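Structural description and commentary
In case you want the letters, here they are:
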Amino acid sequence: MIQHLERVRYFSGRLLSVEDFQDEQSYWLNRLRRINRHGRGWGVVEGLGVGLSDGGDVVIDPGLAIDCAGNELVVAEPMRMPIGCSEGPLWVAICYREQGVKPVPSGNGVESSRIREAVELTLLPINPGTGHRGIGPGTPGCDLAHPLCLARLEWRRSRWQIRSVRNRS
């Protein structure tokens, strides 16, 4: 659902608070996410190929995707994760995460002075795109920041095999 956004109004003599600065950031983040969702739609924009290493790891190539909430999922360098022991199929997915970085002293001890937008690689026993019937890649999606499925892993003939999924926007 599309919602109205409110931005901070500045004027001479106004005292700004932490809440004002947070509202300013939220305005621009929500505006960008709305443009991502409704302008391009969710899915892989480029890259993010999935492969298997000789050591039994799943490897994700660099690339860019948009999740159903409009978050940009940026993988700047290859990501790896051991598959481990599992029965049945696994879904290779990435999801948006915010990480606090650059700690500084504060009145509450130490706090992060920056937020890094990051991506987490995960292997799931169920497809996170289940229930997306009719709102496929390239559509605004469901408006939730759930993991984005990149591939399906199946155990066949005593080894893992990759099955692609259709999620290009």
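Residues numbered from 1 in each chain as written. Predicted model: local features only at pLDDT ≥ 70, side-chain atom pairs only at ≥ 80, totals over all residues. Heavy atoms only, no water.

Digging into the sheet that holds strand 6 (residues 79–82)
- With respect to topology, three strands assemble into an open sheet ordered 2-3-6, the strand pairing being antiparallel. The open sheet is flanked by strand 2 (50–52) and strand 6, the only strands paired with a single partner. Ignoring strand direction, the axes of neighbouring strands in this sheet form an average angle of 25°.
- As judged from the four bridges shared by strand 3 (residues 57–60) and strand 6, these two strands associate in the antiparallel manner. (Pairing = 2+ DSSP bridges. Helix = DSSP H or I, 4+ residues; strand = E, 2+ residues; numbered from the N terminus. Axes fitted to C-alpha atoms, helices over the stretch in contact; angles between N-to-C directions.)

Describing the pattern of salt bridges
- Applying the stated criterion across every chain yields a total of eight salt bridges.
- Among the ionic pairs, glutamate 98 bridges to arginine 33, the shortest N-O distance being 4.0 Å. One end of the pair, glutamate 98, is in strand 7 (residues 90–106); the other, arginine 33, is in helix 1 (residues 18–40), and 65 residues separate them in sequence.
- Looking at glutamate 98, the relative accessible area reads 45%, which means it is partly exposed.
- The exposure class assigned to arginine 33 is buried, which follows from its relative accessible area of 18%.
- Each of Arg152, Glu154, Arg156 and Arg163 takes part in one network of salt bridges that share partners. (Salt bridge = Lys/Arg side-chain N within 4 Å of Asp/Glu carboxyl O. Buried < 20%, exposed > 50% of the residue type's maximum accessible area, 1.4 Å probe, protein only.)

Details of the pairing of strand 5 (residues 72–75)
- Going residue by residue along strand 5, you find Leu73 and Val75 tucked away on one face and Glu72 and Val74 left uncovered on the opposite face.
- Where strand 4 (residues 63–66) hands over to strand 5, the hairpin turn is made up of five residues, of which glycine 70 adopts a positive phi near 90°.

Focus: the sheet that holds strand 7
- One open sheet holds the four strands; their spatial order is 8-7-9-10, and the pairing between them is antiparallel. Sheet topology places strand 8 (109–124) and strand 10 (159–164) at the edges, where each strand pairs with a single neighbour. The sheet shows a mean angle of 30° between the axes of neighbouring strands, direction not considered.
- Two elements, strand 7 and strand 8, share 15 bridges in a ladder whose sense is antiparallel. What sits directly across from glutamate 98, in strand 8, is glutamate 117.

Let's talk about the nonpolar core
- Counting residues in hydrophobic clusters, the biggest one holds 23 residues, and the most contacted among them are Leu48, Val92, Ile94 and Leu148.
- Going through the elements one at a time, strand 3, strand 5, strand 7, strand 8 and strand 9 (148–156) are the ones with two or more residues in this core. (Core = buried A, V, L, I, M, F, W, Y, C linked by side-chain atoms within 4.5 Å.)

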